[in-house]
Amino acid sequence: MLLKYRLEYKKIAMDMLSLLPGMNQGHHLEDEMNWYEDNDNRIIYLWKNEDDNWAGLIAVEDKGSMLVLRRIVLTPDSWSMNNCCSMLDDLSNLFMDQKIVGTMDTTSICELWEKRNGTRIQ
């Protein structure tokens, strides 16, 4: 289940983002959080698994007809392609009229999700 980021989730979001390589160097983590907080078109969602535990994060940028998947993170014990696809399914259900597109870092996950669902994304 995806839950939209709120200020009280900041520590959880930062903990999730800190799992990304290089994110703990210098001010990268703070800069990343500020980048999302400074623009209403940039949205972070936290994901709870079937046991109701915080297990992942998806960060997107709303570009009108497209939704750019900037980050997808799962905790090490929750990482699986099935969970990635579940997160993208939830995201797709929230943004039904928009195409989900990947970045250089997220395109491979988007492509696997597309193949699994038989949907077309760019």
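As a reminder, the structure under discussion sits directly above these lines.
Here's what I pulled together on the structure shown here. (Residues numbered from 1 in each chain as written. Predicted model: local features only at pLDDT ≥ 70, side-chain atom pairs only at ≥ 80, totals over all residues. Heavy atoms only, no water.)

### Focus on the state of the cysteines
Part 1: Scanning the entire structure with this criterion turns up zero disulfides.
Part 2: Cys 85 takes part in no disulfide bond, and the closest cysteine sulfur, belonging to Cys 84, lies 6.8 Å away.
Part 3: Cys 110 takes part in no disulfide bond, and the closest cysteine sulfur to it belongs to Cys 85, at a distance of 9.7 Å.
Part 4: Residue class for Cys 110 comes out buried when judged on its relative accessible area of 2%. (Disulfide = S-S within 2.5 Å. Buried < 20%, exposed > 50% of the residue type's maximum accessible area, 1.4 Å probe, protein only.)

### Looking at the sheet that holds strand 5 (residues 99–102)
Part 1: Within the open sheet, the five strands sit side by side as 1-2-3-4-5. Their pairing is mixed. Every other strand in the sheet has two partners, leaving strand 1 (2–4) and strand 5 as the edge strands with one partner each. Averaged over all pairs of adjacent strands, the angle between their axes in this sheet comes to 35 degrees, without regard to strand direction.
Part 2: Relative to strand 2 (residues 42–48), strand 1 runs antiparallel, the two sharing three bridges. Its bridge partner lying in strand 2, Lys 4 is registered against Tyr 45.
Part 3: On the sheet, helix 2 (residues 28–37) packs against strand 2, strand 3 (54–62) and strand 4 (66–74) and is oriented at approximately 110 degrees with respect to strand 2.
Part 4: Along the sheet, helix 3 (residues 81–94) contacts strand 1, strand 2, strand 3, strand 4 and strand 5; its crossing angle with strand 4, the most-contacted strand, is approximately 145 degrees. (Pairing = 2+ DSSP bridges. Helix = DSSP H or I, 4+ residues; strand = E, 2+ residues; numbered from the N terminus. Axes fitted to C-alpha atoms, helices over the stretch in contact; angles between N-to-C directions. Contact = heavy atoms within 4.5 Å.)

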